[in-house]
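Architecture at a glance
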Amino acid sequence: MKRIVFFIGIILFYSGTVFAQPNPIEIKIDPKNMPEGDLRMSDLIESVEYIPLETTDECLIGDGVRYDFNDEYIVAGDVNGEEFYLFNRKGKFIRAIGGRGGGPEEFTYIGSLWLNPDDQTIMVDDGKILHFDYKGNCLYRTSFPIDDRECDRYFHGNFLRVAESYLLRDSSYYVFNLFDTKGRFVKEAIRSVPIPLIADKQWRIALRVIPIERSYEYDNAIHVRETMNDTIYRIDGLNNFIPKYVFNLGKYRLTPEIQGNLPRFRELAPNCVVPQYVAETTDYVLIYYHYQDQYHYCYFDKAKGKTYAFNSKNGFPNDYDGGLDFFFMLNDCQKNQYLSRYIHADEFTDPEKRTKQEPHGPQSAVRAFEKLVKKVDPDDNPIIMIVKLKE
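Every chain's residues receive numbers from 1 upward, in the order its sequence appears when written. Two thresholds apply to this predicted model, a pLDDT of at least 70 for residue-level local features and 80 or more for giving and counting side-chain atom pairs, whereas whole-chain, interface and lining totals are computed over all residues. Side-chain metrics in this entry use all non-hydrogen atoms of the structure; hydrogen atoms and water are not considered.

**Digging into the sheet that holds strand S19 (residues 274–280)**
Inclusion rule: Pairing between two strands requires that DSSP report at least two bridges joining them. By definition, any uninterrupted DSSP run of H or I lasting at least four residues is a helix, any uninterrupted run of E lasting at least two residues is a strand, and each is numbered from the N terminus. A fitted line through C-alpha atoms represents every axis, and for helices the fit uses only the stretch in contact; the resulting angles, taken between N-to-C directions, go from 0 to 180 degrees.
The antiparallel open sheet is built from four strands, whose spatial order is S19-S20-S21-S22. Edge positions in the sheet fall to S19 and strand S22 (306–309), since each has one partner strand and no second. Ignoring which end each strand starts from, the neighbouring axes of this sheet average 30° apart. By the bridge criterion, six bridges tie S19 to strand S20 (residues 284–291) in an arrangement that is antiparallel. Of the residues in S20, the one forming a bridge with tyrosine 277 is tyrosine 288.

Shown next, in the form of structure tokens:
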């Protein structure tokens, strides 16, 4: 009998089934009927760092920025770059690493860069993962099955790989799967949303309104989602995917029928609300979403159970130091108490890009921003903006 129970438990573990799942908290987004809130970013922020990455002839980063950071280092590169670069935490260039090509220790592009906290290595993703030490030596590689999944994040010894529901013709597959650093399968979870194709059934349905950030880290747990599924899942220590939030988008939801209507997709989809980025604090969920070809910024108050709009068209309003309003870009993310983004130097120095908010942070922060703006040249490498949230 014990063997039978154990066997059933193994099956349920690998099938992604989770018992006693709590009801997720509903987050309603109605773009036509959302009150404006009074939350200020200065209410949430403990500090802001602007880290200009040193610019030299040996270190030039283009538009497709990929980066990661920890307490000691920043690693950054360009998606089409020939190599990537290691900096110290102040942005001082240390060395170039890796090379582009088809060899076993080369990458074909830079999909993502991660600083591995488990073994002090740098990981570069181009469909496989190459592992480098900080001196630039390639140590080993992690290979995955050849499919259309993208490697989205590394956490707790596992790689999260994703194939969103709009990607494959197969009507039902697992959206998320986990592999360890040796390339061994760990788990798969969350069935895809079936999409009825109105047009050619052989057509791959990889049309999308806009790419979304599919994961963030809060309270030492990874949270995941995908475009066609309104639920945000928290991955616990046993790799169970537990529903935490669910978006209520009402008539603005991107339905499977709209996604599958290939002839009219580009006509219908702009009128749908697509939450693009999500971050979380102790009291709020920060969201920006895409609707009618524009970005909109709002927050969900956990205590009140209501969603409010930010008074800004350019991001979460930066009333901390008077710099740029904060918003995420692809490859930006939340790492527990830290939010980050990259800023191109020409944008950083453009006075038209500055916030319209009056700063309420410490005067030392305001002065530090003004001083840095004067030092940065518009042709310099990007600036990494790191926001530390209050506990």
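**Comments concerning the confidence of the model for the protein chain**
Under the convention used in this document: Note: pLDDT gives the predictor's confidence per residue, expressed from 0 to 100. Two residues form a contact once any of their heavy atoms are found within 4.5 Å.
Across the protein chain, the average pLDDT comes to 90, with 90% of residues at or above 70. Note on residues 1–19: pLDDT is under 50 here. Beyond four places in sequence and across chains, it has 17 contacts.

**Observations regarding the packing of aromatic side chains**
Put simply, the rule reads: Classification of ring pairs uses Phe, Tyr and Trp, with its six-membered ring standing for Trp, and accepts pairs whose centres are within 6.5 Å; under 30 degrees between planes counts as stacked, over 60 as edge-to-face, and the remaining range as tilted. To sort residues, take the accessible area from a 1.4 Å probe on protein chains only and compare it with the maximum for the residue type: under 20% means buried, over 50% means exposed, and anything in between is partly exposed.
Applying the stated criterion across every chain yields a total of 26 aromatic pairs. Relative to phenylalanine 159, the ring of tryptophan 114 lies with its centre 6.3 Å away and its plane at 50°, an arrangement referred to as tilted. Note that tryptophan 114 is positioned in strand S7 (residues 112–116) and phenylalanine 159 in strand S12 (residues 158–162), a separation of 45 residues in sequence. The pair formed by tryptophan 114 and phenylalanine 159 is uniform in burial state, with each residue classed as buried. Where tyrosine 252 meets tyrosine 291, the ring centres are 5.5 Å apart and the plane angle is 85°; that geometry is what we call edge-to-face.

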